[in-house]
Structures are given as C-alpha cells and as structure tokens.
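# Fold and geometry: a report
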Amino acid sequence: MTPLMLLPVQKKWWRSVMTALLSMTFIVLGTVSATASPTAQVIANIDYPIGIVQDSSGNIFIADNNRGELAVVPTSTGTLFGVQVVAGQKSVLSSVAGIYGLAIDTLSGSLVMTAQAGALKALSPTSVTVFGVAVPANTLTTVTSSFVDRGIDFDSAGNLYGASSSGLFVLPVVTGTLHGQLVTANTPVAVSAGSAFTSDFLADVALDTNDALYLSVMFGATGVYAMPVTTRTIFGVLAPADTFTRVVAGADVQNPCGIDLDDHGVLYIGSWGSGNVNVSSNSSVTLFEQPIPANVSTQLTSLNGFGNQGVSVNIDSSRVISGANPNTYALVGTSPYVVPTPTPTPTGSAVVPNQLVATGSTSSLPALLGIIMLTAGLSFLGIRKFQHRDMKR
C-alpha cells in the first residue's frame, strides 16, 4: 500500500500534518520580510527638477529647467531673497532661462546657478562679491556669461566646478595650481583631466569632504567617475590622484544624472533611466533602515516619474531630496544613517566572508529549507507508522 493510497483512509491525520507543515512554513516566511525603504513624500510639483540644493537652514532650492524658474520650499514662513514665502510651500524666487545647476557658495553665502548659454548667475540675501563681481542684495546677477550649462559644486576652498557639453570646467577663487594645472582667479578654465569626456554627456559634479571630485556621465561612457587629490581607494576601486577613474559602472546605475555626497562619503545617484535613487558607500552602513553593503551600488528607493534628475543630501543623510518629473520628493525614514557595530569573532572560530543579500530582503532560506525537510521527514515517518498498522490489519 502506497502513502498515496493512505490519504482517503487517514484524512484527519494527513490534514493535521499539512496544517502543521503550512503553519511552520508561514512562521519561517514571516522572518523573510522586505527591508524598509524610505518613504518618498512629494514636496513640490516641478516640471523638470534638474538641480536641487539645501542650505544650512533646511530650505530646499530647485531648478525647474522646463519652466525656467528658481523655486524654493522653505522651512519657515517669512521673506527669502526679498520674496514672501510660506513654510512647506513652493515659491518662485526668480525666472532664470535655461536654469540647470545649483550650488551654495559658503564663502559669500550666495546661491549660484547655471543658466542659458552657460551663464553663471548669483543671488544673495546681502550685498556680496562673487568671483570678483559685485552682487547686490536680493538681485539676480550675472557673474560670468560663459562658464557651464549643467551641474555645479564648490570645493572646500571655494573653487566652483561645473559640467558642460564642452567638458569639465573650474572657476577658481584664487590664482594657483589645481589638479596639477595652473589657474587664474575668477577665470574659468577647462580641467585638463576632463578632456576624456568631451564626446560624452556630462550631467553633474559633486565633491566629498576630502575634495575628491565626482562626475556623472549620463550618456556615452556612462557611470560615475572620481578624481581624488591624493591616490586612494573609492568604492573598492583604486583611484589615482588628479585622474578620473570610474568608481560606479554604468551597468549598475542606468543613465546617472544628479549626484551628491554626505559627510560620511556616501554617494547618492539619481538614475535618469530608471527613476531610482542609488547609493554607494566605502563601508557597510544602514540607510533608512536598509542595509547597504560596502562598495556595491544599491537601490535605495524608486520614484514615480519620468527619470530622476537632481539629487541633494544634507551632511548626515537625515534628509535626501530628489526630483523625478513632475515632482520633487523628500525621502523620509527613522534612523537615516547607522554605522553597524562589528560583531566580535569568537576565539578559534573561522571568519565567514560577508554574504551579499539582495536589496529589500533578508535571507532566511536555509532555515526555511531545514524546517521543511524536518517536517517532511516526520511526516514520512508518520505515514510509515500508519502504513505498518494498516498492513497488520
């Protein structure tokens, strides 16, 4: 008599076994939960949010490329750059044709932006001098008519780097040497190391706290490249000084566009091709309750929109702003940045290399298989037991 023939005779017993099996399976599956991803909250409707930057007060400035507007989502109600604003609501500060990149000049406290035909403009709450040009308070002023037409960022010394259709440029604040080449104060010059990208679409630039320069290439030799001041390893890749090295492959992030870094050296990338926000870190961290392995480009969240354009992160990653047409989002989560405490290895035990777990899940498959096999084994023994009794009869 086969176990299959026993099924009609031992209905109650078999139903009990199946119930136990399913119950144990669901218990195990309950531990295989998707890792929490940050909630993406819409903070503004922006037609094409290509450039995003945050100031120290938490105000969010957004370049609306299609509408040709400089917008802000302020943290408090009042006056900003001479314009009445309401906390949490989008306000237009100025019309800027062809606006693209945004950056905050920490030396003058002004907001600078790239505009049509590569012009660089500045807006300041007080009268200041920006790269040798007087900028009256609350007045949009052209600093130079020929710089770059895409993403920009400042280094710690106040030098402004920018991407353009003609390559990579820098606007130095003083005369001297940058990345091995002579530069003159307040005079834009092409960065010689960026000459390799003249046939590629450069989207954005960003600098880390060590003044390593990062460059996103959206079309052509896609990926994110880094040029450190001194030779060091970035995301597991050895990057020589004053030379661009690809540290995030184009295959890992589809058409990288906006990029930014926090003070921990975590790189945030907006994927124009997929609408995702990806991160890369030099060490294993937890971001918005999601484990991020070291040196692996990992999807942090996916935004609902036509590609991902601008990305901005504050210094401790507690707030990430990203734009995907037609909205601009704030990523929200508890305990945004956590550095895991290493688990001590018991004396005499073998060190097991870290296992890469797929993003958004925690693997309990070995435990699940073990319990299922154990349950199946017990079920088989029970069947054999009832089969033996039945044969005796």
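Parameters at a glance
Residues numbered from 1 in each chain as written. Predicted model: local features only at pLDDT ≥ 70, side-chain atom pairs only at ≥ 80, totals over all residues. Heavy atoms only, no water. Pairing = 2+ DSSP bridges. Helix = DSSP H or I, 4+ residues; strand = E, 2+ residues; numbered from the N terminus. Buried < 20%, exposed > 50% of the residue type's maximum accessible area, 1.4 Å probe, protein only. Phe/Tyr/Trp six-rings, centres within 6.5 Å; stacked < 30°, edge-to-face > 60°. Lys NZ or Arg CZ within 6 Å of the ring centre and 35° of its normal. Core = buried A, V, L, I, M, F, W, Y, C linked by side-chain atoms within 4.5 Å. 1 Å grid on protein atoms, 1.4 Å probe; cavity = no way out; pocket = protein on both sides within 12 Å on 5 of 7 lines; lining within 4 Å. Points joined across faces, edges and corners; volume = space filled by probe spheres on them. Nonpolar A, V, L, I, M, F, W, Y, C, P; charged D, E, K, R; others polar.

### What about the sheet that holds strand 15 (residues 160-164)?
With respect to topology, four strands assemble into an open sheet ordered 14-15-16-19, the strand pairing being antiparallel. Only two strands of the sheet have a single partner each, and these edge strands are strand 14 (152-154) and strand 19 (189-190). Examined bridge by bridge, strand 16 (residues 167-171) and strand 19 share two bridges and lie antiparallel to one another. Bridge pairing in strand 19 places Val170 opposite Val189.

### Points about unusual backbone geometry
Of note in this structure, Phe288 is not a glycine but carries a positive phi near 50°. Tracing the backbone through its elements, the reader meets Phe288 in the loop between strand 29 (285-287) and strand 30 (290-292). Owing to a relative accessible area of 0%, Phe288 belongs among the buried residues under this scheme. One non-glycine residue, Glu289, lies in positive phi territory at about 65°. The residue Glu289 is located in the loop between strand 29 and strand 30 in this model.

### Some details on the packing of aromatic side chains
A complete count under the given rule lists seven aromatic pairs for this structure. Ring centres of Phe61 and Phe81 lie 6.0 Å apart, and the angle between their planes is 65°; this geometry places the pair in the edge-to-face category. Of this pair, Phe61 sits in strand 3 (residues 60-64) while Phe81 sits in the loop between strand 5 (78-80) and strand 6 (83-85), placing them 20 residues apart in sequence. Grouping residues by exposure puts Phe61 and Phe81 together as buried. Each ring, one from Phe197 and one from Phe244, has its centre 5.5 Å from the other, and the planes form 80°; the classification is edge-to-face. Of this pair, Phe197 sits in the loop between strand 19 and strand 20 (201-207) while Phe244 sits in the loop between strand 24 (237-239) and strand 25 (245-249); the two residues are 47 residues apart in sequence, bridging distant segments of the chain. Residue Phe244 is classed as buried on the basis of its relative accessible area of 12%. Above the face of the Phe201 ring, Arg150 is positioned so that its terminal group lies 3.7 Å from the ring centre.

### A few points about the nonpolar core
Among the nonpolar cores identified, the biggest contains 23 residues, and Phe61, Leu70, Phe81, Ile99, Leu102, Leu111 and Met113 are the most heavily contacted of them. When residues of this core are traced back to their parent elements, those giving at least two are strand 2 (49-54), strand 3, strand 4 (69-73) and strand 9 (110-114). Among the nonpolar cores identified, the runner-up in size contains 17 residues, and Val183, Phe197, Leu213 and Tyr225 belong to it.

### Considerations on the layout of surface pockets
Computed from the structure, the largest pocket encloses a volume of approximately 1100 Å³. What lines the largest pocket is a set of 47 residues, and nearest its centre among them are Val53, Gln54, Ile104, Thr106 and Asp153. Within the residue set of the lining of the largest pocket, elements represented by two or more residues are strand 2, strand 8 (102-105), strand 9, strand 14, strand 20, strand 26 (256-261) and strand 32 (311-313). A per-element tally of the lining of the largest pocket places strand 2 first, with five residues. Of the residues assigned to the lining of the largest pocket, the class counts are 22 nonpolar, 15 polar and 10 charged.

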